[in-house]
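# Structural description and commentary
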Amino acid sequence: MSDTVGRVMVADDDPDLRECYRLWLGESYDVVAVADGDAVLERLDDTVDVLLLDREMPETSGKTVAAELAAGPYDPGVLMISGVEPTVDLLDIPVDEYLTKPVGRDAVLRSIERVGVVAQAPSEVRELFALASRAGTLDATVEQGRLDECEEYARLLSRLRAQRSAIDDALDRTTSTEGWRTAVEAALERSDVDVAVPSVGARQ
């Protein structure tokens, strides 16, 4: 098993996809598979490190599940995988990373490991990663003209730039940061936001 992720919960209403994810992930993780959002909320506990979450499910959607988790007692890393092309509404979905179907095994495994690492980071670092990840997804899928007109997206970029001091403070509190720093830097690179994540050795 991974050093950072032991158990992954897979939530998807498509039984073929659930089995596919189970086969992909079973060699590296303890996998728990459920068919809908209600089952996530009923069965999730603090042993789950990462939740792989479909966006569109009957009854309770993945978006609703993500919102419930953000306000609840358990805090796994959340990777949303969906056939829905994201729009600026992604800014309102509290997930750490978003992939669009179809996705391959390697992409899913990389995302799960990355999300698992960042879920263990200080809260302000995790927020930075999630914001940068969502910004990068929107940069890749939404026309730039629509983004330029979106006030929410402009506020997102401002929040990202303002997070630099929070990252500095987090580095002051811990020396075990290499894994999540790499993940955050990658997310910032995707989002094309000019915010550097300093290394411990580079601090003055």
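Going by the structure above, here's the rest.
The model shown is predicted, which means the values in this text are computed figures rather than measured ones.

The next thing to look at is the overall build of the protein. Looking only at helices and strands, the protein has 9 helices and 5 strands in total. Split into buried and exposed, the 204 residues of the protein put 49% on the buried side. At a minimum sequence separation of 6, the contacts of the protein that also span at least 24 residues come to 66%. Accessible surface, the protein as shown: approximately 9900 Å² in total, 44% of it carbon and sulfur.

The next point concerns helix α3 (residues 62–70). Among all positions in α3, only G62, V65, A66 and L69 are buried. In a view along the axis of α3, the buried residues occupy a sector of 100°, so they form one face of it. Residues of α3 that are buried in the fold lie against α2 (37–43), β3 (50–54) and β4 (77–82).

With that out of the way, let us pick up unusual backbone geometry. Between K101 and the following residue, P102, the backbone shows a cis peptide bond with an omega angle of 0°. With respect to the helices and strands, P102 occurs in the loop between β5 (97–100) and α4 (105–119). With phi around 65°, E59 is a residue other than glycine that occupies positive phi space. Considering the arrangement of structural elements, one finds E59 in the loop between β3 and α3. On the accessibility criterion, E59 (76% relative accessible area) is exposed.

A separate point is the sheet that holds strand β1 (residues 7–11). The strand order across the open sheet built from 5 strands is β2-β1-β3-β4-β5, with neighbouring strands paired in parallel fashion. The sheet terminates laterally at β2 (30–34) and β5, the two strands that pair on one side only. Taking the axes of each pair of neighbouring strands and ignoring which way they run, one obtains an average angle of 20° across the sheet. Bridge count between β3 and β4: 5 bridges; the pairing is parallel. Looking across to β4, one finds that D54 is bridged to I81. Against the sheet, α4 contacts β1, β3, β4 and β5, and its axis sits at roughly 150° relative to β4. Packed onto the sheet, helix α5 (residues 123–141) meets β4 and β5 and runs at close to 25° relative to β5.

By size, the foremost hydrophobic cluster in this structure holds 33 residues, and its most contacted members are M9, L51, L53, Y153 and L160. Of all elements in the fold, only β1, β2, α2, β3, α3, β4, α5 and α7 (151–162) reach the threshold of two or more residues within this core. When residues in this core are grouped by element, the largest group, 5 residues, is from α5. Beyond its immediate chain neighbours, meaning those up to four positions away, Y153 contacts L91, A135, L138, D139 and L147.

So, on to the packing of α4 against α5. The geometry of α4 relative to α5 is characterised by a closest axis approach of 9 Å and an angle of 150° between their N-to-C directions. Contacts from R114, V115, V118 and A119 in α4 reach V125, R126 and F129 in α5.

Rules and cut-offs
- Residues numbered from 1 in each chain as written.
- Predicted model: local features only at pLDDT ≥ 70, side-chain atom pairs only at ≥ 80, totals over all residues.
- Heavy atoms only, no water.
- Helix = DSSP H or I, 4+ residues; strand = E, 2+ residues; numbered from the N terminus.
- Buried < 20%, exposed > 50% of the residue type's maximum accessible area, 1.4 Å probe, protein only.
- Contact = heavy atoms within 4.5 Å.
- Areas by Shrake-Rupley, 256 points an atom, 1.4 Å probe, with all protein chains shown as cover.
- Arc of directions from axis to C-beta.
- Pairing = 2+ DSSP bridges.
- Axes fitted to C-alpha atoms, helices over the stretch in contact; angles between N-to-C directions.
- Core = buried A, V, L, I, M, F, W, Y, C linked by side-chain atoms within 4.5 Å.

So far we have only geometry, and geometry alone does not tell us how the molecule works.
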